[in-house]
Amino acid sequence: MSFSEDALVQRLRARDEAAMTLFYDKYSAALYGVILRIVKKEEIAEDVLQESLVKIWHSFASYDASKGRLFTWVLNVCRNLAIDKIRSRQYRVGSRTQTLEDSSAMRQAAPSGFRPEHIGLQEMTNKLSPEQKQVIDLLYFGGFTQSEVAEELDLPLGTVKTRARAGIKVLSKLIR
Amino acid sequence: MDTQDYIESGILEQYALGELTEVERAEVERQAAAHPAIQQELDTVMEALAAYAVQELPASAPPAGMRERVLEGWQAAIREQPAASSAPAQPEQEAVVRPMLTSHRDVADETTRINWMMAASVALLLLSVAGNILFYYQWKNAENDLAIALNGQQQMASTMQAVEKRLGQRSEEVAVLRNDEFRDVALKGTDNAPDASARVLFNPTTHTVYLDVRNLPTPPVGKQYQLWALDNGKPIDAGTLSQTTAQGDNLQLMNSIASAQAFAMTVEQIGGSPVPTLSTMAVMGQVL
């Protein structure tokens, strides 16, 4: 990438529509990957990605660069829309049990186009215990609340909370 | 409140995973703004989850043509509702109202056009009616004029006929007057009409007799003049005088007379008499 994130943020803030193309080229692969992981269907993932771009464009003023990277912010926008999608009634019917089956089977390397700027992240998955990973995947990609995870895995809510916090702490250490 | 306790409570992870309500989120953001340690921890949790999410991606390539579709869809969407977050009502109203306005204007245009067409039709009809009335009167006038013209022509023709007839008569008279074969017989007034004067033009060869009145008193009502030829003392009817002849307007061709030595005129009943009433004799003259 020949441009900095700051420059991109400035151009997006200035409502430069051409900057959105640069933004797309830089982040879309990762965003699409996460969305697809959540919604499971390509055509829906594409719709959610487009809706996300619209939302990012319209609410860009609320992005505060001092509170985190642009990618982290836009990823949250995409994830929220994707989870809204799977939580809508028609989507939930018949899709819920599939979430568990797919979540372990679909772990692969990040697609080209976006590489997290943290060293050693490839090892992230391996640093989590299978229990932590299961809980975090359900929370992050499944759109489950901690209570729902407890119900799903037939575990006490406290255990779910502990595993989630412990897992995120491991990840936090890795990027620090 | 102890910052570390707050961080350890797990609420930041819930925030990062989007599990909190709007009110709870606002409270977390308020705490983060107030305590840099909380802000830093929150940022770290968010970054860690983002990094993990990207790490966990499936390797499926994006569908073909997705870039164009998504970017075009995005552009169409932001054109459709620009700045929806800052002023959502205005653009939406605009988007809904604009086609209605144009459709209203279309309807108005259509109505205006129909009104115009109707006005034009009525104007044309009125013009046509006015034109027809005008043409009807002009036609009527022309018919009148034509009748007058025809009448005038007829009058002219009859006048011409009369003139031709009189011309023919005059030519005949002139021919008679210039003909040497005619004998000029002067008829002089008697005691009954001393001022009376006329003459007879008599052609013994053709037995033709013309009468030319110079002056005759107007005959009494119901009477007219009659010419007589006297042959060896015997009166022969030579015909009654027409009114124009009696007034001296023209020469009158009278009855043929084979032989005569004198001519005379008497006043008789209208239509003439077989024998002359000698007491009413007005003029008389000898054939010399």
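Residues numbered from 1 in each chain as written. Chains lettered and ligands numbered in written order. Predicted model: local features only at pLDDT ≥ 70, side-chain atom pairs only at ≥ 80, totals over all residues. Heavy atoms only, no water.

Enquirer: What am I meant to see in the overall build of chain A here?
Expert: The number of helices and strands found in chain A is 10 helices and 0 strands. Secondary structure elements of chain A occur, N-terminal to C-terminal, as α-α-α-α-α-α-α-α-α-α. Here chain A holds 176 residues, and the buried ones make up 52% of them. (Helix = DSSP H or I, 4+ residues; strand = E, 2+ residues; numbered from the N terminus. Buried < 20%, exposed > 50% of the residue type's maximum accessible area, 1.4 Å probe, protein only.)

Enquirer: Whenever I open this one, the overall build of chain B confuses me. Can you help?
Expert: Looking only at helices and strands, one finds 7 helices and 8 strands in chain B. Burial statistics for chain B: of 288 residues in total, 35% are counted as buried. Relative to all contacts within chain B whose residues are 6 or more apart in sequence, the contacts with residues 24 or more apart total 55%. Here chain B displays about 17,800 Å² of accessible surface, and carbon together with sulfur accounts for 58% of that area. (Contact = heavy atoms within 4.5 Å. Areas by Shrake-Rupley, 256 points an atom, 1.4 Å probe, with all protein chains shown as cover.)

Enquirer: Would you explain helix 1 (residues 5-13) of chain A in this entry?
Expert: Every α-helix carries 3.6 residues per turn, so stepping three or four residues along brings you back to the same face. All names here are of chain A. Those residues of helix 1 that fall on the buried side of the exposure criterion are Glu 5, Leu 8, Val 9 and Leu 12. For helix 1, the angular spread of the buried residues around the axis is 100°, confining them to a single face. Of the exposed residues in helix 1, the ones pointing more than 90 degrees away from its buried face are Asp 6 and Gln 10. Tucked inside the fold, the buried residues of helix 1 contact helix 2 (17-39), helix 3 (42-58) and helix 4 (70-87). (Arc of directions from axis to C-beta.)

Enquirer: Would you mind going over the sheet that holds strand 3 (residues 208-215) of chain B with me for this structure?
Expert: Note on sheets: strands pair through backbone hydrogen bonds, and any given pair is parallel or antiparallel. Residue and element names in this part refer to chain B. Taken together, 8 strands build an open sheet; the order of strands is 5-4-7-8-1-2-3-6 and the sheet is antiparallel. Each end of this open sheet is capped by a strand with a single partner; those strands are strand 5 (234-240) and strand 6 (251-253). For this sheet, the mean inter-axis angle between neighbouring strands, taken without regard to orientation, is 30°. For strand 1 (residues 183-189) and strand 8 (residues 283-286), the ladder comprises 2 bridges, and the chain directions are antiparallel. Considered in strand 8, the bridge of Lys 188 is made with Met 284. (Pairing = 2+ DSSP bridges. Axes fitted to C-alpha atoms, helices over the stretch in contact; angles between N-to-C directions.)

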